[in-house]
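Descriptive structure summary
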Amino acid sequence: MRAACVDSVVLVHGNTGAPSDWDNTYQQLLDEGYSNSQIHRPSWGSKSCAACNDHSGTEENPVRSAIADAITASCTGRIDVIGHSMGVTLAAQQIIKLGAQDQVDAFVGVAGAYRGLWSCGTYPFNVYNSTCGSNGLSVSSPFLDWLYGKSIAARVYSIKSWSDQVVCATGYCTVAGVHSSRIAGEDATYTYAYGHFGLQAYTYERQVSLIR
């Protein structure tokens, strides 16, 4: 049976994650008629050193290539992107760098740190590794200040938790009164009681519904 003409989908895992982290979302997409070739799951970054990964250099290339390839292969000429954790900000960065905002229909950020992580400190104070550095997720890092407010898609959604062990690691989930997983200019946000990794694994039906 021939696959329906739908947007290609790019699934971007988080820091030290793997494409298989999206298995539930991947299966849901297949169940809803997507083909394997319409789903792109890049593998990026070090798998053993969480403190080594940031948004600069070799981490960028696999995600940028996946987005570009998905656009080229898409029968609609448009794509949808779902990111988890650091994959949210990395995917958004690569969309902007490619100038592909007009080709992205829906963007879903799951447990991202769009406004930074208090556990990384406030830039340039308490910035102790690459993940928290100028190209990382310290609050008000040059990278996040550059990213904030930029257009990334026609429709933008966030999925968040007040029990997130990473985003809320210090006991505070908000930056300037706004949950850090929320994306500037988003169309809607959804809250679940899952933890950081549960948000990715168990909200797959919501994720897929948001890109349809």
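Residues numbered from 1 in each chain as written. Predicted model: local features only at pLDDT ≥ 70, side-chain atom pairs only at ≥ 80, totals over all residues. Heavy atoms only, no water.

Concerning the overall build of the chain
A count of helical and extended segments in the chain gives six helices and ten strands. Over its C-alpha trace the chain gives a radius of gyration of 16 Å, about what one expects of a compact globule, namely 17 Å for 212 residues. A principal-axis box enclosing the C-alpha atoms of the chain has dimensions of 55 × 35 × 35 Å. Burial analysis of the chain (212 residues in total) assigns 52% to the buried set. (Helix = DSSP H or I, 4+ residues; strand = E, 2+ residues; numbered from the N terminus. Rg over C-alpha atoms; globule rule 2.2 N^0.38 Å. Buried < 20%, exposed > 50% of the residue type's maximum accessible area, 1.4 Å probe, protein only.)

Digging into the packing of aromatic side chains
According to the stated counting rule, one finds three aromatic pairs in the structure shown. Taking NZ or CZ as reference, Arg41 lies 3.9 Å from the ring centre of Tyr26, over its face. (Phe/Tyr/Trp six-rings, centres within 6.5 Å; stacked < 30°, edge-to-face > 60°. Lys NZ or Arg CZ within 6 Å of the ring centre and 35° of its normal.)

Structural notes on the state of the cysteines
Put plainly, two cysteines are in a disulfide when a covalent bond ties their sulfur atoms together. Here the structure, examined in full by the defined rule, presents four disulfides. A sulfur-sulfur distance of 2.1 Å marks the disulfide that ties Cys168 to Cys173. The disulfide joining Cys168 to Cys173 has a torsion of about 120° about its S-S bond and is therefore right-handed. Classification of Cys168 by relative accessible area gives buried; the value is 10%. (Disulfide = S-S within 2.5 Å.)

A look at the packing of helix α2 (residues 60-73) against helix α3 (residues 86-98)
Running from amino to carboxyl end, α2 crosses α3 at an angle of 60°, the nearest separation of the two axes being 9 Å. When the axis of α2 is compared with that of α3, the two are oblique. The two elements α2 and α3 cross, and the hand of that crossing is right-handed. Where α2 abuts α3, its residues Glu60, Val63, Arg64, Ile67 and Ala68 lie against Leu90, Ala91, Gln93, Gln94, Ile95, Lys97 and Leu98. Residues of the contact of α2 with α3, tallied by class, amount to seven nonpolar, two polar and three charged. (Axes fitted to C-alpha atoms, helices over the stretch in contact; angles between N-to-C directions. Parallel < 35°, antiparallel > 145°, perpendicular 65-115°, else oblique. Left-handed = near helix turned anticlockwise from the far one by under 90°. Contact = heavy atoms within 4.5 Å. Nonpolar A, V, L, I, M, F, W, Y, C, P; charged D, E, K, R; others polar.)

Observations concerning the pairing of strand β1 (residues 8-12)
Each regular strand displays side chains that alternate between the two surfaces of the sheet. Counting buried positions along β1 yields five of five residues, so the element is predominantly enclosed. Where burial is concerned, the two faces of β1 agree: the one with Ser8, Val10 and Val12 and the one with Val9 and Leu11 are both buried. Pairing of β1 with strand β3 (residues 79-84), which is carried by five bridges, proceeds in the parallel orientation. Bridge assignment links Val9 to a residue of β3, and that residue is Asp80. As defined by bridge partners, β1 adjoins strand β2 (residues 39-40) across two bridges and the pair is classed as parallel. Within β2, the position partnered with Val10 by the bridge is His40. One crossover worth recording links β1 to the parallel β2 by way of helix α1 (residues 23-31), and it is right-handed. (Pairing = 2+ DSSP bridges. Right-handed = clockwise from strand over helix to strand, strands pointing away.)

Remarks on the pattern of salt bridges
Side chains carrying opposite charge are able to pair once their charged atoms draw close together. For the structure on display, the rule yields seven salt bridges. For the salt bridge of Asp23 with Arg41, the shortest nitrogen-to-oxygen distance reads 3.0 Å. One end of the pair, Asp23, is in helix α1; the other, Arg41, is in the loop between β2 and α2, and 18 residues separate them in sequence. For Arg41, a relative accessible area of 26% corresponds to the partly exposed category. We note a salt bridge from Glu60 to Arg64, for which the minimum N-O separation is 3.0 Å. Note that Glu60 and Arg64 are positioned in helix α2 at a spacing of four residues, about one turn of the helix. Within the structure, one salt-bridge network assembled from shared partners comprises Glu60, Arg64 and Lys97. (Salt bridge = Lys/Arg side-chain N within 4 Å of Asp/Glu carboxyl O.)

A word on the nonpolar core
With 35 residues, the main nonpolar core has Val10, Val81, Phe107 and Ile152 as its most contacted residues. Once you skip the residues sitting within four places of it in the chain, Ile152 turns out to touch Ala92, Ile95, Ile96, Gln101, Val104, Phe107, Tyr114 and Ile183. Ranked by size, the runner-up nonpolar core spans 19 residues in total, among them Ile82, Val108, Leu199 and Leu210. (Core = buried A, V, L, I, M, F, W, Y, C linked by side-chain atoms within 4.5 Å.)

Observations concerning the environment of Ala113
Tracing the sequence through the fold places Ala113 in the loop between β4 (104-110) and β5 (117-122). With 62 residues separating them along the chain, Ala113 and Val175 place their C-alpha atoms 9.8 Å apart. When residues no more than four places from it in sequence are discounted, the contact partners of Ala113 are Ser85, Thr89, Leu137, Leu144 and Ser180.

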